[in-house]
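Overview (structure and organization)
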Amino acid sequence: MTVAIGRRIGGLLATLLAASFVIFAAVYAAPGDPAVFLAGGRDKLTPERLAAVREQYHLDEPLVVQYGRWLWDSLHLDLGRSFQYNDQVADLLAARFPTTLALVAYATLLFVVLGVGAGILAAVRRGRWVDSAVVGGTTLAASVPSFVGGIALVALFGVQLGWFPVTGSGEGFAGTIHHLTLPAVAMALGALAVISRVTRQAMVDAGAADHVAVARASGLTEHEIVRRHILRNALGPIVTMCGLVTAGMLAGTVAIETVFGLSGIGSLLVGAINSHDMPVAQAVLLLMVTCYIVVTTIVDLVHPLLDPRVKSVRSSA
């Protein structure tokens, strides 16, 4: 177990290192020159001023040298200073990340509870009208992009009915829940469809096992069979998919935060790209990739604990 965990951590660090270089190189190669923005725009631009700005921010150094300097500072938790806000990037992330984290947590709670519940209901009522309704509803939900669903929710529940605010993240627990309900629902719609489908199929596959037939023949109630023999064996793929969807949400809040005017890291990334704010863009992308890799690694470690069969297969391999 210790060796396996060590390998996972080593693979995680190697992946983060490769991802950090790709992120830095991609931002470095993006169209536009950040030195022009730092110099105050083209109206105030002179060759001497441009050269001085490049030297001040080390933009005249080769890519590898700039990456090495940025990586060394990042390892010491120094993400640099924003070109646009003239503030520490770490402080900007600390101020924006809680909003994004709360949004993702709320959306995750919604799609896990509703998606898993709908999938279990469809599997238990397989072949009936409930199953058809769940499959049809989830197919419709999966076909609607999140930003389109967000706009529709704003128009109906925010503008016409006035039940929920359409901008801001609110203050306090109750205010945050009230403000984040619409964006969380918009984010959860597509994920709910995926989770319900995965749950239904996992339940159907687990229900076809021989030990389930033996349990029915022994006289156990259907409730006990579903809870102890079907759902328990179906938890592995369900939890894995929930973790993957949550990890993807951490890196995909840009559209929802833009639609609902939320001050999260997604909107911060959009502003950084538009203003060629390289330190902020690199830090936000690195944070997103790190969250995705960490969540998927945790899910991979938890999976064998939920399904001992996976552990035995890996041990024999």
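Residues numbered from 1 in each chain as written. Predicted model: local features only at pLDDT ≥ 70, side-chain atom pairs only at ≥ 80, totals over all residues. Heavy atoms only, no water.

Bringing the overall build of the protein into the picture now. Helix and strand content of the protein: 14 helices and zero strands. N-terminal to C-terminal, the α/β element order of the protein is α-α-α-α-α-α-α-α-α-α-α-α-α-α. Per-residue burial for the protein yields a buried fraction of 38% across its 317 residues. Expressed as a percentage of contacts within the protein between residues at least 6 apart in sequence, the contacts between residues at least 24 apart total 70%. Counting every atom, the protein has about 17,000 Å² of accessible surface; 66% of that belongs to carbon and sulfur. (Helix = DSSP H or I, 4+ residues; strand = E, 2+ residues; numbered from the N terminus. Buried < 20%, exposed > 50% of the residue type's maximum accessible area, 1.4 Å probe, protein only. Contact = heavy atoms within 4.5 Å. Areas by Shrake-Rupley, 256 points an atom, 1.4 Å probe, with all protein chains shown as cover.)

When you line up the elements, Thr-108 lands in helix α5 (residues 89-124). Residues within four places of Thr-108 in sequence aside, it is in contact with Thr-246 and Met-249.

Here we come to the confidence of the model for the protein. Per-residue confidence for the protein gives a mean pLDDT of 79, with 89% of residues at or over 70. Per-element confidence in the protein ranges from a low mean pLDDT of 51 for helix α14 (residues 308-316) to a high of 88 for α5. (pLDDT = per-residue confidence, 0-100.)

The description of two helices packed together rests on the angle between their axes and the distance between the axes. Following both chains from N to C, one finds helix α6 (residues 129-143) and helix α8 (residues 172-207) inclined at 140°, their axes separated by 8 Å at the closest point. As far as their axial angle goes, α8 and α6 are oblique. Between α6 and α8 lies a crossing of left-handed hand. Of the residues in α8, those in contact with Asp-131, Val-135, Thr-138, Thr-139, Ala-141 and Ala-142 of α6 are Leu-189, Gly-190, Leu-192, Ala-193, Ser-196, Arg-197 and Arg-200. (Axes fitted to C-alpha atoms, helices over the stretch in contact; angles between N-to-C directions. Parallel < 35°, antiparallel > 145°, perpendicular 65-115°, else oblique. Left-handed = near helix turned anticlockwise from the far one by under 90°.)

Taken together, Leu-140, Val-144, Phe-147, Val-148 and Ile-151 make up a surface patch of nonpolar side chains, about 430 Å² in accessible area. With three residues, helix α7 (residues 146-160) is the single largest residue contributor to the nonpolar patch. Tracing the backbone shows Ile-151 in helix α7. Looking at Ile-151, the relative accessible area reads 48%, which means it is partly exposed. (Patch = residues over 30% accessible without salt bridge, like charges linked within 9 Å, V, L, I, M, F, W, Y side chains within 5 Å. Salt bridge = Lys/Arg side-chain N within 4 Å of Asp/Glu carboxyl O.)

What follows deals with the environment of Ser-275. Within the element layout of this structure, Ser-275 appears in the loop between α12 (265-274) and α13 (278-306). The sequence separation of Ser-275 and Gln-84 amounts to 191 residues, and the corresponding C-alpha distance is 7.1 Å.

To continue, consider unusual backbone geometry. At Leu-77, a residue that is not glycine, the phi angle is positive and equals roughly 60°. Of note, Leu-77 is situated in the loop between α4 (63-75) and α5.

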